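Residue-level listing of the chains:
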Amino acid sequence: MITLEHLTKQFGDTGAVEDVSLVIAKGEICALVGPSGAGKSTALRLINRLIEPDSGRVLINGEDVSTLPAVELRRRIGYVIQSVGLFPHWTVARNIATVPRLLGWQRERIDARVEELLDLVGLDSSHGPRYPHQLSGGQQQRVGVARALAAEPEVLLMDEPFGAVDPPTRRSLQSALLDIQARTATTIVIVTHDVDEAIRLASTIAIMDRGRLVQAGSPQEILRHPATPEVADFFGGPRLGLRLLQTTEAGERTDFGHTIDGDPVATDATLDEVVARMVATGATELPVLDGADGRHGVISLDDVVAR
Amino acid sequence: MAERTLTIRRSSLPANVLPVALVAGLCALTLLASFVTVAPNRLVSGTPLDLWRAAGPAGCLVLASLAAIMAGIALTPSMPSRSLLQAVTSAGIVVALVATAGFAAATAMTSTTGTSALTRVSLGAGFWIWFSIGMLVFADATGRIKSLGIRAGLVIALFGALAALAMSGALINLSLAHEFIVHRDTYLDEVQRHLMLTTGGLLVALPLGSVLGAYALRRPRQGSTIFAVLNIIQTIPSIALFAILISPLTMLVGALPALRTLGFGGIGAFPAIIALSLYALLPVARGVHAAFQAVPASAISAGRGMGMTGWQINSNIVIPLAMPTLLQMLRVVIVQLIGLTVLTALIGAGGLGTFIFNGLGQTAADLVLLGALSTIAIALVVHLVLQTLTNLLTPQGRR
């Protein structure tokens, strides 16, 4: 879907991005992770040509983005920034309609799309006529996401989208994003320095440091086989075990066939939630229910710990 | 909970009691002061006539009842559309006051023994205190009205009523009117000249100041130097600046006589416009700087990221968001320039200042007043028009 080929960009003497190559599959969430100044945002902006590379190229669906007019390219790619950047003088609905209007959609089609998007990001239509300053930070970022998705882009770029909101709001925004991604199958590239956010959201994590791509792989792979001591330190550290729990779903460790009494956990709950429940209730075994086919099972503390 | 008890207590005891009592006391005091003064001619100081003797029982009754209505409105708790009623009543007071003064002048001219064509009836301290209070209440009350249409309507109605009063000849016996009639031939010329000088200063300052402001936005370090220099210019007393400009400009014209044929020189309109534009540079540059500084950078980068062209970013985001501050700046600059232009009469540039300085020279207070009131009226009209425009052009999300 998105291919970065030997991308290099220098600002003055310092290399912001140095020889980065990465393939992002269609419909996945890829997180660019690293300390500040690692070149994550620069790499992201090279994709929609807010920055032009010194060398290398970006392909989207096999098409070299440098061959497309930049403005046209950006209208096809959703873009969300940390500061949200809603237009303060426009209503929520008008903000969301930005790209469809730029593309010259019909009025009725825009109105219908705005309604649909408000619903998609978990706002109701009463928010449409309000102004950005009348919304909370979390609601503003939901509008930011809705605006980015307005013209049904195949690719959504997010630059530390949830960095400025408080932790509970961040969690609910992350859930909303996972839900949206499941419904729309948009390919998402998200820049973050929050390791937990990357593990929670991404199917592929690309770790950058000082402009270079250090390692790319699934969260499991990176946690289990970190390429360098720095990666091990950045990702695992003392919380390695807890983060591994976050990457595995209960269904993978459940013994189906028998069941026990109690409030069941879902098969798609992650193991850290299972452990949390066990600690809270004092039980070492919990019933599991597969919401999709109604199978029952049991997960024990031993199953959770087993590698 | 605590807040609620506080509100109840506040509304049970009208908060307006103190200011109303103060204003009432002030108005009562003016009954002793002169409402108009009657002088045998324009140069000597006259004998004061208090409100009772000047306006007669009928005039006093009208003013007193209007004042009582206003106090009643102010003191009634939770009165619906209080601001509108207050605005209408205060406008009524202002109009009644001016009419009373005109009536008092007419009576004084005819009834007082020993009057002649030279007798002058001028407005006294009592009139001006009532007039200022009335205007103050009117400005305050209209400012509280939300609807822009009603606000504009009230202002136009008040000015219209005053204009109609003046046209009807009811004020013809006031010495202010005498001065106007005497100077009728030059009055419009001087108004025109005044506006020309103000516009000239503005037309020079707007592009220059905008460029300086925009430059300061791009280069903050050089920008602070620019603002430091402009600040220094601003601190030069205006009369001194006019004087400073005379000799270099005279020398310039001496060196290049061709300039003189174009109307340039050390005195007159040319140095006046230069000085006015120098004063306007700082507010223009500051306003442009502040207006564009206030446009959120995140909105611009979001616009770019979503595929707006540079032109679309300007027309959709930058200009609408900067417009309210720009208009505000324009209003402040123009009003300031209209006031400053008065002083240009000192270097022979003309304008309404001519009346003021002639009046000062002849100790003819009403001639001074003619120039000053005209200047104030022009500034006020410009202020109101630009204020309305600003309100109309301020996007809702920014109000």
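Since the structure is predicted, the reported quantities are computational estimates derived from the model, not experimental observations. (Residues numbered from 1 in each chain as written. Chains lettered and ligands numbered in written order. Predicted model: local features only at pLDDT ≥ 70, side-chain atom pairs only at ≥ 80, totals over all residues.)

A. Inspection of the overall build of chain B at higher detail. Looking only at helices and strands, chain B features 16 helices and 3 strands. The buried share of chain B, reckoned over its 399 residues, is 36%. For chain B, the share of sequence-separated contacts (at least 6 apart) that also reach a separation of at least 24 residues comes to 72%. (Helix = DSSP H or I, 4+ residues; strand = E, 2+ residues; numbered from the N terminus. Buried ≥ 20, exposed ≤ 12 C-beta atoms within 10 Å, placed from the backbone. Contact = placed C-beta atoms within 7 Å.)

B. Up close: the overall build of chain A. The number of helices and strands found in chain A is 13 helices and 14 strands. Taken over the C-alpha atoms alone, chain A extends approximately 60 × 50 × 35 Å along its principal axes. When contacts within chain A are restricted to residue pairs at least 6 apart in sequence, long-range pairs at least 24 apart make up 65% of them.

C. Molecular detail of the domain arrangement of chain A. Annotation of chain A at the domain level lists domain 1 (2-243) and domain 2 (249-305). Between domain 1 of chain A and domain 2 of chain A, the C-alpha centre-to-centre distance is 33 Å. (Domains from an automatic or database assignment.)

D. Main features of the sheet that holds strand β2 (residues 14-24) of chain A. Residues and elements named next belong to chain A. Strand order across the open sheet formed by 4 strands is β2-β1-β4-β5, with antiparallel pairing between neighbours. A single partner strand is all that each edge strand has here, and the edge strands are β2 and β5 (63-64). As judged from the 2 bridges shared by strand β4 (residues 55-60) and β5, these two strands associate in the antiparallel manner. Bridge pairing in β5 links Ile60 to Glu63. (Pairing = 2+ DSSP bridges.)

E. Structural detail: the sheet that holds strand β13 (residues 285-289) of chain A. All names here are of chain A. Judged by pairing direction, the sheet is mixed, and its 4 strands sit side by side in the order β11-β14-β13-β12 without closing on themselves. Single-partner strands in this sheet number two, and they are β11 (255-256) and β12 (265-266). Relative to strand β14 (residues 296-300), β13 is paired through 5 bridges, and the arrangement is antiparallel. Of the residues in β14, the one forming a bridge with Pro287 is Val298.

F. Representation of helix α15 (residues 353-361) of chain B within the structure. Regarding α15 of chain B, the residues found buried are Gly353, Thr354, Phe355 and Ile356 of chain B. Just past α15 of chain B, the residue Thr363 of chain B takes up positive phi, approximately 45 degrees.

G. Geometry of the packing of helix α9 (residues 220-235) of chain B against helix α12 (residues 269-293) of chain B. Residues and elements named next belong to chain B. For the pair α9 and α12, the least separation of the axes is 8 Å and the interaxial angle reads 140 degrees. By the angle between their directions, the pair α9 and α12 is classed as oblique. For the element pair α9 and α12, the recorded crossing hand is left-handed. Judged by residue contacts, Ile226, Leu230, Asn231, Ile233 and Gln234 of α9 engage Leu278, Tyr279, Leu281, Leu282 and Ala285 from α12. Its residues placed into classes, the contact of α9 with α12 shows 8 nonpolar, 2 polar and no charged. (Axes fitted to C-alpha atoms, helices over the stretch in contact; angles between N-to-C directions. Parallel < 35°, antiparallel > 145°, perpendicular 65-115°, else oblique. Left-handed = near helix turned anticlockwise from the far one by under 90°. Nonpolar A, V, L, I, M, F, W, Y, C, P; charged D, E, K, R; others polar.)

H. Spatial organisation of the nonpolar core. Grouped together as the largest cluster of nonpolar side chains are 82 residues, with contacts concentrated most on Val36, Leu97, Ala101, Ala104, Leu276, Ala280 and Leu281 of chain B. No other element matches α12 of chain B, which puts 15 residues into this core. Summarising the domain contributions, this core has at least three residues from each of domain 1 (13-178) and domain 2 (184-398) of chain B. Ignoring sequence-local partners within four residues, the contact set of Ala280 of chain B consists of Gly201, Leu202, Ala205, Gly209, Val333 and Leu337 of chain B. Ile2, Ile77 and Ala206 of chain A together with Ala302 of chain B belong to the second-largest nonpolar core, a separate cluster that totals 81 residues. (Core = buried A, V, L, I, M, F, W, Y, C linked by C-beta atoms within 7 Å.)

I. Region of interest: the domain arrangement of chain B. All names here are of chain B. Split into domains, chain B comes out as domain 1 (13-178) and domain 2 (184-398). Between the C-alpha centres of domain 1 and domain 2 there is a distance of 34 Å. At the interface, 8 residues of domain 1 touch 9 residues of domain 2. Among the elements of the structure, α6 (148-167) and α7 (175-182) are those that each provide at least two residues to the side of domain 1 that touches domain 2.

J. Here's a closer look at the interface of chain A and chain B. Chain A puts 21 residues into the contact, and the matching count from chain B is 18 residues. Contributions of two or more residues to the side of chain A that touches chain B are made by α2 (70-75), β6 (77-81) and α4 (98-102) of chain A. Broken down by class, the residue content of the side of chain A that touches chain B amounts to 12 nonpolar, 6 polar and 3 charged.

K. Main features of the pairing of strand β3 (residues 120-123) of chain B. Residues and elements named next belong to chain B. With burial as the criterion, each face of β3 is covered, one bearing Arg120 and Ser122 and the other bearing Val121 and Leu123. Where strand β1 (residues 34-39) lies against β3, 4 bridges are found, and the strand directions are antiparallel. Among the inter-strand pairings, Val36 is bridged to a residue of β3, identified as Leu123.

L. Layout of the environment of Ala285 of chain B. Residue and element names in this part refer to chain B. Tracing the chain through its elements places Ala285 in helix α12. For Ala285, a count of 26 C-beta atoms within 10 Å gives the class buried. With 72 residues separating them in the primary sequence, Ala285 and Gly213 have C-alpha atoms 4.1 Å apart.

M. Here's a closer look at unusual backbone geometry. Residue and element names in this part refer to chain A. The residue Val84 is not glycine, and still its phi comes out positive at about 65 degrees. Relative to the helices and strands, Val84 is located in the loop between β6 and α3 (92-96). Positive phi is not limited to glycine here, since Ala185 has a value of about 55 degrees. Within the secondary structure, Ala185 sits in the loop between α7 (167-184) and β8 (187-192).

N. Broad picture of the pairing of β8 of chain A. Residues and elements named next belong to chain A. In terms of residue burial, β8 counts as a mostly covered element, since 6 of its 6 residues are buried. Along β8, one buried face is formed by Thr187, Val189 and Val191 and the opposite face, lined by Ile188, Ile190 and Thr192, is buried too. Inspection of the sheet shows strand β3 (residues 29-33) paired to β8 by 5 bridges, in the parallel sense. Bridged to Val33 within β8 is Thr192. One ladder, built from 5 bridges, connects strand β7 (residues 155-159) with β8; its direction is parallel. Looking at the pairing, Asp159 lines up with Val191 of β8. In this fold, β7 hands off to α7, which returns the chain to β8; that crossover is right-handed. (Right-handed = clockwise from strand over helix to strand, strands pointing away.)

O. Spatial organisation of the environment of Gln362 of chain B. With respect to the element layout, Gln362 of chain B can be found in the loop between α15 and α16 (365-393). Considering only alpha carbons, one finds Gln362 of chain B and Leu43 of chain B, 319 residues apart in sequence, at a separation of 7.6 Å.

P. Spotlight on the environment of Leu301 of chain A. All names here are of chain A. Within the secondary structure, Leu301 sits in helix α13 (residues 301-305). Overall, the presence of 15 C-beta atoms within 10 Å leaves Leu301 in the partly exposed class. Each C-alpha atom of the pair Leu301 and Ser66 lies 53 Å from the other, and the pair is 235 residues apart in sequence. With near-sequence residues (within four places) excluded, Leu301 lies in contact with Met278 and Thr284.

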